[in-house]
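Residue-level structure breakdown
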Amino acid sequence: MINNNAPIVHGHDVDIQLVGRHEEPRIDSRLLAEQLELKHRSVFALLSRYKDDFKQLGKLRFQIAPLIGSRTGQKERFAMLNEDQAYLLLTYSRNTDRVRSLKVKLVKAFGQARKAVEQHQTDYLPTYHALHEQIKAAGGDRFQHLNFNRAINKAAGITAKNRHGVAMPVKSAVVVAHMMAMQSIGQNDGDLKHAYSEFKGRLDGLLGALSASQKPLTTCREVA
């Protein structure tokens with residue numbers, strides 16, 4: 001069990017930051033230690049001691065990074081915990097006011113992450129995957145799929161990494177662009193080369209104008 005009376009290490013309230021966009025969100029064990037006002041080595045020792053328990057709830061991911069504040073380049077190991085693993089860690093701690101408060105923060109943070117992923121899938125992924133499947137059915141490969149999507153990204157002024165975080169008008173236009181691409185492929189009887197050329201001509205007018213009206217594009221705070 002974690003000793004909540006262990007020496008405090010710069011304890012102060014901070015927002016819960018989750019890591020991971022397209023995969024399950026995770027939280028840094030160092031942040032949990034800070035929230036619990038514990039030295040990270042105490043938390044990491046517990047994770048190592050009961051690693052088999054944590055592994056039952058998903059892959060236990062360990063990473064190495066320079067020790068924060070170290071002038072010698074010393075490194076430390078830490079864990080990136082999924083939602084269930086984070087909750088399990090807190091069950092090994094005494095149920096103090098601080099622990100209960102952290103549980104509430106985690107519930108909210110992971111809940112918001114799930115909603116963001118669900119909205120992303122609802123708003124954009126269905127047409128993204130539909131376009132991929134149509135290109136595949138026409139005999140295309142992933143490189144041709146990339147070409148179509150790079151054209152969409154360029155016209156919208158976004159990148160593949162921040163596509164799901166752009167403002168709703170741009171995201172809606174991206175969905176329309178997916179549908180336009182599928183229409184071009186259908187009208188050209190699966191000839192991907194001609195479909196791509198036709199699609200680009202139609203695309204520049206749609207997303208180019210929209211991108212110019214969205215300066216700067218609004219991006220979401222990273223949680224997933």
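Residues numbered from 1 in each chain as written. Predicted model: local features only at pLDDT ≥ 70, side-chain atom pairs only at ≥ 80, totals over all residues. Heavy atoms only, no water.

Below, the discussion takes up the overall build of the chain. Helix and strand counts for the chain come out as 9 helices and 3 strands. Listed N to C, the secondary structure of the chain is β-α-α-α-β-β-α-α-α-α-α-α in terms of helices and strands. Partitioning the contacts of the chain with sequence separation of at least 6, the portion at a separation of at least 24 is 66%. For the chain, the accessible area works out to roughly 12,800 Å², and carbon and sulfur atoms hold 53% of it. (Helix = DSSP H or I, 4+ residues; strand = E, 2+ residues; numbered from the N terminus. Contact = heavy atoms within 4.5 Å. Areas by Shrake-Rupley, 256 points an atom, 1.4 Å probe, with all protein chains shown as cover.)

Another aspect to go through is the pattern of salt bridges. Considering all chains together, one arrives at 6 salt bridges under this definition. Here Asp28 makes a salt bridge to Arg30, at a shortest N to O gap of 2.6 Å. Under the relative-accessibility criterion, Asp28 is labelled buried at 15%. (Salt bridge = Lys/Arg side-chain N within 4 Å of Asp/Glu carboxyl O. Buried < 20%, exposed > 50% of the residue type's maximum accessible area, 1.4 Å probe, protein only.)

With that out of the way, let us pick up the packing of aromatic side chains. Within the structure shown, the criterion is met by 6 aromatic pairs. With a centroid separation of 6.2 Å and an interplanar angle of 65°, the aromatic rings of Tyr87 and Phe110 are classed as edge-to-face. Of this pair, Tyr87 sits in helix α4 (residues 83-91) while Phe110 is found in helix α5 (residues 97-123), placing the two residues 23 residues apart along the sequence. Aromatic ring contacts, followed pair by pair, group Tyr50, Phe54 and Tyr92 into a single cluster. Across from the ring centre of Phe78, 3.7 Å away, lies the NZ or CZ of Arg30, which sits over that ring. (Phe/Tyr/Trp six-rings, centres within 6.5 Å; stacked < 30°, edge-to-face > 60°. Lys NZ or Arg CZ within 6 Å of the ring centre and 35° of its normal.)

Here we take up α4. Residues of α4 that are buried include every one of Glu83, Gln85, Ala86, Leu88, Leu89 and Leu90, and no others. You can read the cap of α4 off the contacts: a side-chain oxygen lies 3.2 Å from the backbone nitrogen of Asp84, and it is on Asn82. (Polar contact = N/O pair within 3.5 Å; in protein donor to acceptor, adjacent residues only side chain to side chain.)

Here the focus is the confidence of the model for the chain. Overall, the prediction assigns the chain a mean pLDDT of 80, with 77% of residues at 70 or greater. Within the chain, the lowest mean pLDDT, 77, falls on helix α9 (residues 192-212), and the highest, 95, falls on helix α3 (residues 51-55). Across residues 2-14 the pLDDT falls below 50, and counting only partners more than four positions away or on other chains, this stretch makes 37 contacts in the model. Across residues 215-224, confidence stays below pLDDT 50; counting only partners more than four residues off in sequence or on other chains, it has 27 contacts. (pLDDT = per-residue confidence, 0-100.)

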